[in-house]
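Residue-level listing of the chains:
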Amino acid sequence: MSENASVATVRDPDDIGKVKKKVIPKTPAEKTADILLWGIRAMLIADIVLLFFPSFNPARICEKINKNMSLFTCGIAYDTLVSNLGRAFTKGWVEQSTFRLLFGSSTLSIFAALFYAVGGCMSLGSNKMKKIAAAITGGGTILMLGCLFGISKAHGQILLTNRPEKVLPYETIPYFSLFMVITIALLALCLAVFFLLPSFAKAGKMFMEDKYKLFLMMLPILVLAFLFSYLPLFGWRYAFYDYKAGDTLSPDKFVGFKWFTQLFQNAATKKDMLRVIKNTLAMSGLGILTSAVPMIFAIFLSEIKNNTFRRFVQTFTTIPNFISWVLVYAIALAIFSTDGFINTFLKSIGNPVTTNYLMDSSHMWLKMLAWGMWKGLGWSAIIYIAAISGIDQSLFEAATVDGAGRFQKMWYVTVPSLIPTYMVLLLMSIANILTNGMDQYLVFSNAKNAASIEVLDLYVYNLGIGSGLIPLSTVIGMVKSLISVILLFSANGISKAVRGESIV
């Protein structure tokens, strides 16, 4: 249906019980309001996103304020805001009331963002909802103007300090004009939309199309995915600078592709990379080779007829997934260390020789695989158990009529029904072949097994946090992510080719 038309529901007198939709063309004013609403939504998103970027923080009115604080954190963390100003308060160089004003003003921006979020969501509805959305968004702009006015007043007060060399105030507020322009433009557009749309009496009922309802239901997931999966990619810029922890990214520290070339030209780094990639591929390869074990376990678990015993087994195998790797290592230490259960038992039966199994570097890949399977077997089987419960029971009944036994039904009915689920999980495993995680290998790592247990994720951690080579570790993380994306598309293409589908 065209966006330039609204929908009204009327009864057809000739066909009682059926509902027909009558298309009512939109007026020029409504069309103009819809166009303006797209601009409002774009500016709302920009304004909300800017709240979380320290680089665009207008509340950082002096250099004593932590440079890693965003406008959002300035409004929720007063102690952090004034953490570097204790001496300035004691000496009377600045007043605490100035920073309380700054804190309160920053808090107003958070409430303004909430108004923006509600108004932006409601703007997807009917004319009445759009009119209310314009009013709510306009209220948010007033709060934001109050925030900016308070920041400006706090800045004026701090400029009056008698020791500017100690407080280091800025002559002008960074990015203040950007927020002011966006806020005033938003207020003007909201007023325009409010007066362009019909009055509340003529705007009709409040409703929203199903597609927008589904979008709003999915929106929190999209926001979380952006915050935790895509926003961190902003940190890739460290790969192009000669950066050390605590430094700032200035143009004089820009080194281009220096760290990329060092990754492949430095002999020591190449040797470490080959060793680490070998460990990573070996452990991921073992995981892929045994990826069918959870499916097999789920099949046999579903065949247990005693419900009490089946629930006990499923619970007992699922619980380890919720135990952290630190606690798993504590369990391993209690069993396999020099004073652990095994050595204590051997001593009690007359064997004086003790062995610290955790310090033994032999068969580390298999040991890590065993611990991983013990921890994740029950959890990984849940998706297959759910898939088994969705199999049409008539297939089993037909197999019984044809004389199929228990194992034949498992092989010819259950397994083929689970293959699509298995293939999807297998493709994801192949795409993540360079991602093993870090926790398991970090807690089990020691001086003797470090060479054979260090995987790519742990190597990046040791390189960046342990050695302080943050740019080089960032480069390795970038290369790993790009290879994972390539592997994902390659695996998907191979899967389509096997099924006879078009790869494009």
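The preceding data block contains the structure.
Residues numbered from 1 in each chain as written. Predicted model: local features only at pLDDT ≥ 70, side-chain atom pairs only at ≥ 80, totals over all residues. Heavy atoms only, no water.

Undergrad: Report on helix 16 (residues 364-389), specifying residues and quantitative values.
TA: With 26 residues, helix 16 should reach 38 Å at 1.5 Å per residue; the first-to-last C-alpha distance of 37 Å fits that figure. The largest bend in helix 16 comes to about 55°, at Gly 376. Within the span of helix 16, buried status applies to Met 364, Met 368, Leu 369, Trp 371, Lys 375, Gly 376, Gly 378, Ala 381, Tyr 384 and Ile 388. (Helix = DSSP H or I, 4+ residues; strand = E, 2+ residues; numbered from the N terminus. Expected span 1.5 Å × (residues − 1). Bend = angle between axes of the 7 residues up to and from the residue. Buried < 20%, exposed > 50% of the residue type's maximum accessible area, 1.4 Å probe, protein only.)

Undergrad: Can you lay out the packing of helix 6 (residues 127-158) against helix 8 (residues 176-196) for me, pointing to particular residues and giving the numbers?
TA: Contact pair helix 6 / helix 8: the axes reach a minimum separation of 9 Å and the direction vectors enclose 155°. Regarding the angle of helix 6 to helix 8, the classification is roughly antiparallel. Of the two possible hands of crossing, helix 6 and helix 8 adopt the one that is left-handed. Seen from helix 6, the contacting residues are Lys 131, Ala 134, Ala 135, Thr 137, Gly 138, Thr 141, Met 144, Leu 145, Leu 148 and Ser 152; seen from helix 8, they are Phe 176, Phe 179, Met 180, Thr 183, Ile 184, Leu 186, Leu 187, Cys 190, Val 193 and Phe 194. A per-class count over the contact of helix 6 with helix 8 returns 14 nonpolar, five polar and one charged. (Axes fitted to C-alpha atoms, helices over the stretch in contact; angles between N-to-C directions. Parallel < 35°, antiparallel > 145°, perpendicular 65-115°, else oblique. Left-handed = near helix turned anticlockwise from the far one by under 90°. Contact = heavy atoms within 4.5 Å. Nonpolar A, V, L, I, M, F, W, Y, C, P; charged D, E, K, R; others polar.)

Undergrad: I'd like to hear about the environment of Ser 452, residue by residue, with values.
TA: Position of Ser 452 among the secondary structure elements: in helix 20 (residues 450-453). Considering only alpha carbons, one finds Ser 452 and Phe 396, 56 residues apart in sequence, at a separation of 47 Å. Contacts of Ser 452, omitting those with residues within four sequence positions, involve Asn 279, Met 283, Ser 361, Met 364 and Trp 365.

Undergrad: Go over the pattern of salt bridges, please, and point to the residues and values.
TA: For the structure on display, the rule yields seven salt bridges. The salt bridge involving Lys 480 is made with Asp 457; its shortest N-O contact spans 2.7 Å. Placement of Lys 480 in helix 22 (residues 470-499) and of Asp 457 in helix 21 (residues 456-466) is noted, with a sequence separation of 23 residues between them. Each member of the pair Lys 480 and Asp 457 is classed as buried. The network of salt bridges with common partners includes Asp 272, Arg 275 and Glu 454. (Salt bridge = Lys/Arg side-chain N within 4 Å of Asp/Glu carboxyl O.)

In short, geometric facts, not functional conclusions.
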